[in-house]
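Fold and geometry: a report
The lines below spell out each chain.
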Amino acid sequence: MIPVCRLEDLPEGESVRVETTPPVAVFRTEDGELYAIDDTCTHQDASLSEGWLEGCLVECPLHAASFDLRTGEPTCLPARRPVRTHRVTVEDGVIHVHLTAEEGTAA
Amino acid sequence: MRTVTIVGASLSGLYAARELRAQGFDGRLVIVGEEPHLPYDRPPLSKNFLSGRTDEDQLALTDADETAGLDAEWLLGVRARGLDTRGRTVVLDDGRTVSTDGVVLATGAAARRLPGGSLAGVHTLRTLDDARALRADLGLGARQVVVIGGGFIGAETASSCAGLGHAVTVVEAAPLPLVPQLGADMAAVCAALHRRRGVELITGTGVAGLRGTATVTGVDLTDGRTLPADIVIVGIGATPNTSWLVGSTLALHDGVLCDDGCATALPQVVAVGDVARVGGSRAEHWTSATEQPRVAVTNLLAGRTLQRVRTVPYFWSDQYGSRIQFAGRHRDGDTVHLTEGEITDDGPGESGFLAHYERGGRTVAVLGVDQPRAFLRARRELQRQVREQAVPAVL
Ligand SMILES: Cc1cc2nc3c(=O)[nH]c(=O)nc-3n(C[C@H](O)[C@H](O)[C@H](O)COP(=O)(O)OP(=O)(O)OC[C@H]3O[C@@H](n4cnc5c(N)ncnc54)[C@H](O)[C@@H]3O)c2cc1C
Ligand code: FES
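Residues numbered from 1 in each chain as written. Chains lettered and ligands numbered in written order. Predicted model: local features only at pLDDT ≥ 70, side-chain atom pairs only at ≥ 80, totals over all residues. Heavy atoms only, no water.

**So, the side chain of H330(B)**
Residue and element names in this part refer to chain B. Counted only if it meets this: The helix count covers DSSP runs of H or I at least four residues long, the strand count covers runs of E at least two residues long, and both are numbered beginning at the N terminus. For the exposure calls, accessible area comes from a 1.4 Å probe over protein chains only, and a residue counts as buried if that area is under 20% of its type's maximum, exposed if over 50%, partly exposed in between. Under this definition, polar contacts are N or O atom pairs within 3.5 Å; protein pairs additionally need one hydrogen-donor-capable and one acceptor-capable atom, and for neighbouring residues in sequence, both atoms have to be side-chain atoms. We call two residues in contact when some of their heavy atoms are within 4.5 Å.
Its location among the elements puts H330 in the loop between β22 (322-328) and β23 (335-344). Residue class for H330 comes out buried when judged on its relative accessible area of 16%. For H330, the side chain forms a polar contact with the main-chain oxygen of P180, separated by 3.1 Å. At 3.3 Å, the side chain of H330 forms a polar contact with the backbone oxygen of Q181. Apart from the residues lying within four places of it in its own chain, the contact partners of H330 are V179, P180, Q181, L182, G183, Y357, R359 and A365.

**Observations concerning the interface of chain A and chain B**
Selection rule: A 1.4 Å probe defines the accessible area here, and the buried area is the portion of it lost by two parts on being joined, summed over both. Salt bridges, as used here, are contacts in which a Lys or Arg side-chain nitrogen is within 4 Å of a carboxyl oxygen on Asp or Glu.
Taken together, the 18 residues of chain A in the interface contact 20 residues of chain B. Summed over both partners, the interface of chain A with chain B buries about 1,600 Å², with 47% contributed by carbon and sulfur atoms. Considering only the surface of chain A that becomes buried against chain B, W52(A), L62(A) and R80(A) emerge as the three largest contributors, covering 34% of it. One can count four salt bridges joining chain A with chain B. The salt bridge partner of D45(A) is R53(B), with a shortest N-O separation of 3.9 Å. At the junction of chain A with chain B, the criterion picks out eight residue pairs in polar contact (both at pLDDT 80 or more).

**Remarks on a negative patch on the surface**
Cut-off, in case you're wondering: Residues enter patches when they are more than 30% accessible in relative terms and free of salt bridges; like-charged ones are connected within 9 Å and nonpolar ones (Val, Leu, Ile, Met, Phe, Trp, Tyr) within 5 Å. Accessibility throughout is a Shrake-Rupley quantity obtained with a 1.4 Å probe, and a residue counts as covered only by protein chains that appear here. Charge assignment: positive for Lys and Arg, negative for Asp and Glu; neither His nor the chain ends contribute. For the purpose of locating charges, the reference atoms are NZ of Lys, CZ of Arg, CG of Asp and CD of Glu.
Negative charge collects at one region of the surface, where E14(A), E30(A), D31(A) and E33(A) lie side by side. With respect to the helices, strands and loops of the structure, E14(A) is situated in strand β2 (residues 14-18).

**With respect to the UniProt feature "domain: FAD/NAD(P)-binding" (unreviewed entry) in chain B**
Put simply, the test is: UniProt positions are given in the numbering used here, feature names are shortened, and annotations may be inferred rather than shown by experiment.
This chain's UniProt record puts "domain: FAD/NAD(P)-binding" (unreviewed entry) on residues 3-292 of chain B. Secondary structure across residues 3-292 of chain B comprises 24% helix and 28% strand; the distance between its end C-alpha atoms is 21 Å.

**As for the packing of aromatic side chains**
Residue and element names in this part refer to chain B. Under the convention used in this document: Here is the rule: rings of Phe, Tyr and Trp (six-membered ring for Trp) pair when centre to centre is within 6.5 Å. Planes less than 30 degrees apart are stacked, more than 60 are edge-to-face, and the remainder are tilted. Both a distance and an angle decide whether a charge sits over a ring: NZ of Lys or CZ of Arg must be within 6 Å of the ring centre and within 35 degrees of the ring normal.
Summed over the entire model, instances satisfying the criterion amount to six aromatic pairs over all chains. Centre to centre, the rings of W286 and W316 are 5.9 Å apart; their planes meet at 80°, and the pair counts as edge-to-face. Of the two residues, W286 is situated in helix α8 (residues 286-302) and W316 in strand β21 (residues 314-319); the sequence distance between them amounts to 30 residues. Across the pair, W316 and W286 agree in class, each one buried. Put simply, the rings of F152, F315, F326 and Y357 pair up and form one aromatic cluster. The ring of Y15 has R18 lying over it, and the distance from NZ or CZ to the ring centre is 4.8 Å. Just above the ring of Y314 sits the side chain of R379; from NZ or CZ to the centre is 3.8 Å.

So this is what it looks like as structure tokens:
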């Protein structure tokens with residue numbers, strides 16, 4: 001469980017990058033929902049926390065692939081693989097990310 | 001339409017195939033490609049592929065599931081040699097012919113070469129095979145590399161070679177590289193990236209010739225100097241692959257001439273990507289090659305131009321650890337305003353910058369260096385303007 005920042009420091013419609021390995025992006029949607037996904041786009045090499053947030057979708061700032069924050073699935077090309085999603089909780093006013101265990105990454 | 005043939009099996013050809021199926025074309029789909037490979041992505045070739053951070057399998061643009069779903073006949077490793085006068089037959093180099101009702105021209109562009117014979121150690125960088133050969137040469141130990149041409153591909157290649165520990169010199173004939181793309185002021189800022197990383201940039205000097213008998217040993221400059229070299233990379237631009245269409249009725253002039261809906265004078269022939277001159281301009285950008293096929297396929301299936309390409313040109317480039325992004329169209333005389341970050345004598349400041357190009361009080365283009373978030377906002381704003389202009393006036 002990794003503390004991110006105080007809830008009030010992440011306004012609605014904004015995102016923040018957490019420097020874990022690999023880095024994670026935490027989003028607070030316009031509706032106030034919190035989501036966390038792997039920050040690096042599965043297409044090439046861009047940071048999704050710097051993307052365009054619209055509802056539950058984030059658009060990659062490099063080639064405009066879009067990911068659903070709820071599932072991590074890409075909703076359009078050029079990305080074809082999902083990003084991992086992570087559970088988010090708020091404890092004592094602080095946002096926490098619970099990292100999903102890395103799957104067998106036999107490289 | 002019962003048969004559609006796509007000529008060119010790369011980025012824009014693949015996107016055209018996807019669009020044909022997505023838009024309901026259920027006839028015979030033939031894809032002809034000169035390269036033996038299934039579609040792969042070119043931008044990483046000069047970036048992470050050359051530096052070894054990306055492998056070949058990561059370049060693939062499609063996978064077995066998708067190719068099965070597309071249900072196409074792939075004729076790979078064979079070049080199209082001609083298109084009959086009315087665009088109904090594609091003639092292949094091996095003598096085969098494909099009778100077709102519709103044609104998508106997606107033959108892209110080819111790297112321009114220096115005149116003269118070929119010497120070992122001299123490379124261009126357009127295809128996977130080019131990149132494999134260059135990567136192998138760079139793997140032989142520390143070398144003297146001369147890059148001819150300081151455009152995006154030249155700069156990215158120089159950056160990747162320097163990152164691998166080679167001694168690199170870039171030769172640019174113009175007084176400054178990237179002026180056509182960025183305008184003089186911003187081109188000067190980006191040129192500073194080379195020097196900052198210890199890459200020598202020689203400008204205002206052309207190349208008189210290459211030295212060496214079997215293998216290259218040096219580059220003769222027009223100012224009389226000779227640069228020693230074991231590897232020479234020629235990055236002097238690309239020419240659209242239209243020679244195979246000479247003799248067809250299509251109008252060719254720096255690309256296949258199309259209306260702003262990617263349609264040629266023959267309603268059953270459309271062109272997309274680097275080979276297409278759409279509504280008077282030709283782009284060599286990844287995003288154009290992925291956006292044009294949707295419009296082109298709609299118009300092809302309709303038999304007339306129903307839709308126009310209404311996007312803002314966009315490209316990116318990765319050099320020396322910096323990400324450069326540009327959107328819009330600029331002209332000489334535009335004024336450039338810095339809106340984020342800073343520029344120092346030594347190039348982009350620590351956190352990059354965002355610059356707006358203005359003409360007549362309106363933003364016409366934006367350039368970002370390491371400012372993806374601010375750039376994305378500015379780019380979307382430009383797109384919004386273009387879309388609003390596209391709305392027909394209500395009378
Ligand atoms: C090294 C490199 C780096 C790049 N980096 C960037 C970047 O950072 N950002 C950006 O925006 N753009 C970049 N680009 C440009 C981008 O890759 C191109 O715009 C894009 O590939 C164009 O796609 P295309 O399908 O139109 O043409 P191409 O990718 O050129 O494909 C055309 C295909 O047609 C085949 N062909 C040609 N003639 C025939 C024939 N007669 N018969 C059959 N097949 C034929 C060719 O073999 C080729 O496979 C880069 C390009 C290169 C080479
Ligand atoms: S890196 Fe995200 S879409 Fe390409």
